[in-house]
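# Chains, contacts and geometry: an overview
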Amino acid sequence: MNINDSVALVTGANRGLGRAFAQRLLERGARKVYATARRPETVDLPGVEVLPLDIADPASVRAAAEAAQDVSLLVNNAGISTGTDLLTGPLEAVRHELETNMFGHLAMIREFAPALGRNGGGAIVNVLSAMSWFGGKGATAYHLSKAAAWAMTNGVRLELAGQGTLVTAVHLGLADTDMAAGWHVDKITPSDLADAALDGVEAGSAEVLADRWSQDVKSRLPLAPEEFNAAMERAMVELMAT
Ligand SMILES: NC(=O)c1ccc[n+]([C@@H]2O[C@H](COP(=O)([O-])OP(=O)(O)OC[C@H]3O[C@@H](n4cnc5c(N)ncnc54)[C@H](OP(=O)(O)O)[C@@H]3O)[C@@H](O)[C@H]2O)c1
């Protein structure tokens, strides 16, 4: 799929990675970019088509899909990280992370899949995380939501293969956005992350490991759980020392 002939829709395009996706899509020649946000007045990019969209609200998702029937590239980016643990945190916050990071993304795919099919198949980018595969204490609910979103991504890839829709999972460690503001370590820039994801789409890749951290975490998956956890602990100590 060529970015320069695409009609793209980005969720959470008012800031962070979503804003960078919308900007790089424009710069890489996308024919049209729908920049969506819960508060559309906060989208500040010239040249985009702004749409209101709350991915956790089914009526809002349906309205966006009706308004953007020409989409050929869906960038499922919007997400939250509430710093909740599964046992000690409020169950409502656990559900909220799942509702946004997994069910919100799934709702978008369910509503947009027919249009993608009609428009030649197209592609879906799901912005996941290295935390699809590990969960540090303090964010185990986020880990659950991203692991669930990863499984969902793998499932819809199978279901959409018949209509020729590429489903690209994008994993990353830390990016320089509000979400990771508390981490004073090396982070990928939003623009580099967007480029890595869009390069993956153009290459037809089902998976993009956008930084060293996500590559390292994935490479440890064959380890036994105790060894995996010990390796992640050592890696976290090293990360904090950089
Ligand atoms: N930054 C990182 O280090 C990092 C690492 C791994 C994965 N990720 C993933 O990357 C994606 C983007 O994160 P980010 O770093 O750009 O985070 P961010 O700076 O906190 O921005 C989050 C974006 O998602 C939007 N959003 C949240 N809930 C929404 C909803 N229900 N409907 C529509 N939009 C909603 C926010 O809109 P408002 O402005 O209205 O709140 C905002 O635009 C997320 O899926 C995140 O999990 C980020």
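Read on for an overview of the structure. Not measured: the values here are computed from a predicted model. (Residues numbered from 1 in each chain as written. Predicted model: local features only at pLDDT ≥ 70, side-chain atom pairs only at ≥ 80, totals over all residues. Heavy atoms only, no water.)

Further remarks concern the side chain of Thr84. As for its placement among the helices and strands, Thr84 is situated in the loop between β4 (73-76) and α3 (91-118). Accessibility expressed as a relative area gives 5% for Thr84, which makes it buried. One polar contact links Thr84 to Thr82, side chain to side chain, over a distance of 2.6 Å. Once residues lying within four places of it in the same chain are set aside, the contact partners of Thr84 are Gly89, Pro90, Ala93, Val94, Glu97, Gly138, Ala139, Thr140 and Ala141. (Helix = DSSP H or I, 4+ residues; strand = E, 2+ residues; numbered from the N terminus. Buried < 20%, exposed > 50% of the residue type's maximum accessible area, 1.4 Å probe, protein only. Polar contact = N/O pair within 3.5 Å; in protein donor to acceptor, adjacent residues only side chain to side chain. Contact = heavy atoms within 4.5 Å.)

Glancing now at the sheet that holds strand β2 (residues 32-37). Pairing is parallel across the open sheet formed by 7 strands, whose spatial order is β3-β2-β1-β4-β5-β6-β7. One side of each edge strand has no neighbouring strand; the edge strands of this open sheet are β3 (49-52) and β7 (207-209). Here the strands of the sheet are splayed against their neighbours by 20° on average, with no regard to which way each runs. Pairing geometry for strand β6 (residues 166-171) and β7, over 3 bridges, is parallel. From the neighbouring strand, His171 faces β7, where its bridge partner is Leu209. Helix α1 (residues 16-27) contacts β1 (7-10), β2, β4 and β5 (123-127) of the sheet and is inclined by roughly 165° relative to β1. (Pairing = 2+ DSSP bridges. Axes fitted to C-alpha atoms, helices over the stretch in contact; angles between N-to-C directions.)

In terms of burial, β2 is largely enclosed, as 5 of its 6 residues are buried. Sheet topology places β1 next to β2; 4 bridges connect them, and they run parallel. When the sheet's bridge partners are listed, Leu9 is paired in β2 with Tyr34. Taken together, β1, α1 and β2 form a β-α-β motif whose crossover is right-handed. Looking at chain direction, β2 and β3 are connected through 4 bridges and run parallel. Residue Thr36 lies in a different strand from β3, and its bridge partner there is Leu51. (Right-handed = clockwise from strand over helix to strand, strands pointing away.)

Right, let's get into the site of the ligand. Around the ligand sit 29 residues in total, of which Asn14, Arg15, Asn77, Tyr142 and Thr177 are the nearest. With respect to the ligand, the backbone of Asn77 contributes an N or O atom lying 2.8 Å from an oxygen atom. Here an oxygen atom of the ligand and a side-chain polar atom of Thr177 are 2.5 Å apart. Here the ligand has 900 Å² of accessible area as a free molecule, and 96% of this is covered by the chains. Among the secondary structure elements, those contributing two or more residues to the shell around the ligand are α1 and α4 (140-160). Grouping the constituent residues of the shell around the ligand by class yields 14 nonpolar, 9 polar and 6 charged. (Near = heavy atom within 4 Å. Areas by Shrake-Rupley, 256 points an atom, 1.4 Å probe, with all protein chains shown as cover. Nonpolar A, V, L, I, M, F, W, Y, C, P; charged D, E, K, R; others polar.)

Given two aromatic rings, their pairing is described by the distance between the two centres and the angle made by the two planes. Tallying each qualifying case throughout the model produces 2 aromatic pairs. Between Trp133 and Trp150, the aromatic rings sit 5.6 Å apart at their centres with planes inclined by 90°, giving edge-to-face as the arrangement. With Trp133 in the loop between β5 and α4 and Trp150 in helix α4, this pair connects stretches of sequence that are 17 residues apart. Trp150 gets classed as partly exposed once you look at its relative accessible area, which sits at 24%. The interplanar angle of 65° and the centroid separation of 6.2 Å between the aromatic rings of Phe134 and Trp213 together place this pair among those described as edge-to-face. Linking Phe134 in the loop between β5 and α4 with Trp213 in helix α6 (residues 212-219), this pair joins segments that are 79 residues apart in sequence. Taking the relative accessible area as the measure of exposure, Phe134 reaches 11% and is therefore buried. Taking relative accessible area as the criterion, Trp213 reaches 17% and is therefore assigned buried. (Phe/Tyr/Trp six-rings, centres within 6.5 Å; stacked < 30°, edge-to-face > 60°.)

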